[in-house]
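# Observations on chain architecture
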Amino acid sequence: RPLSLLPLWVSSAFSASFSVSSPEEMSSAPTLEAIKYSSGSLQLLDQLKLPFEFEYMKIDDCKQTWQAIRDMNVRGAPA
């Protein structure tokens, strides 16, 4: 679905992190990463705040990971 057809809050959230300049480049819809891992740092998208906020939780240990899954901050295939 082209960004121009999405509600304004979705369009502005995606346009801040995605740069699409032509319809050909839009063959795959923009997606949010539920899990980010880089150099020993884990961040999980807080799915309880969707669709109004896009916020990542910094996870420091296994206990925080377990709590995020238990509390349903992250769920589905990413969990």
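For the structure given in this document, a descriptive report is provided here. (Residues numbered from 1 in each chain as written. Predicted model: local features only at pLDDT ≥ 70, side-chain atom pairs only at ≥ 80, totals over all residues. Heavy atoms only, no water.)

### Focus: helix H2 (residues 62-70)
Inclusion rule: What qualifies as a polar contact is a pair of N or O atoms within 3.5 Å, subject to a donor-acceptor requirement within protein and to the restriction that residues adjacent in sequence count only when both atoms come from side chains. Every helix listed is a DSSP run of H or I at least four residues long, and every strand listed is a run of E at least two residues long, numbered separately from the N terminus.
Structurally, the start of H2 carries an N-cap: the backbone nitrogen of Lys63 is 3.2 Å from a side-chain oxygen of Asp61. In the segment just after H2, Met72 is the residue with positive phi, at about 65°.

### Considering the environment of Asn73
Stated precisely, the cut-off is as follows: Partly exposed describes any residue whose relative accessible area lies between the buried limit of under 20% and the exposed limit of over 50%, with all areas from a 1.4 Å probe on protein chains only and scaled to the type maximum. Here, residues are in contact when the closest pair of their heavy atoms is within 4.5 Å.
The topology assignment puts Asn73 in the segment after H2. Taking relative accessible area as the criterion, Asn73 reaches 10% and is therefore assigned buried. Along the primary structure Asn73 and Gln47 are separated by 26 residues, whereas in three dimensions their C-alpha atoms are 5.1 Å apart. In this view, Asn73 contacts Leu45, Asp46, Gln47, Leu48, Met57, Gln67 and Ala68; residues no more than four positions away in its chain are not counted. Polar side-chain contacts of Asn73 include one of 2.9 Å to the side chain of Asp46.

### What about the side chain of Gln47?
Mapping Gln47 onto the fold places it in the loop between strand S2 (41-45) and strand S3 (56-59). For Gln47, the side chain forms a polar contact with the main-chain nitrogen of Arg75, separated by 3.5 Å.

### Some details on the pattern of salt bridges
Selection criterion: Each reported salt bridge corresponds to a side-chain nitrogen of Lys or Arg within 4 Å of a carboxyl oxygen of Asp or Glu.
Overall, the coordinates contain three salt bridges when judged by the stated rule. A salt bridge links Glu55 to Lys49; the shortest N-O distance between them is 3.1 Å. A salt bridge links Asp71 to Arg70; the nearest nitrogen and oxygen atoms lie 3.0 Å apart.

### Considerations on the sheet that holds strand S1 (residues 35-38)
Short version of the rule: The pairing criterion for strands is at least two bridges between them, as found by DSSP. Every axis corresponds to a line fitted to the C-alpha atoms, with the helix fit spanning only the stretch in contact, and the corresponding angles, defined between N-to-C directions, vary from 0 to 180 degrees.
If you walk across this open sheet you meet the three strands as S1-S2-S3, and the pairing is antiparallel. Unpaired on one side and paired on the other, S1 and S3 mark the two borders of the sheet. Direction aside, neighbouring strands of the sheet carry axes that sit 20° apart on average. Running over the sheet, H2 touches S2 and S3 and is turned about 145° from S3.

### Focus: unusual backbone geometry
The omega torsion of the bond from Leu50 to Pro51 falls at 5°, within 30 degrees of zero and hence cis. Relative to the assigned elements, Pro51 resides in the loop between S2 and S3. With phi around 50°, Ser39 is a residue other than glycine that occupies positive phi space. Take Ser39: its relative accessible area is 77%, and that puts it in the exposed class. With phi around 65°, Met72 is a residue other than glycine that occupies positive phi space. Secondary-structure assignment places Met72 in the segment after H2.

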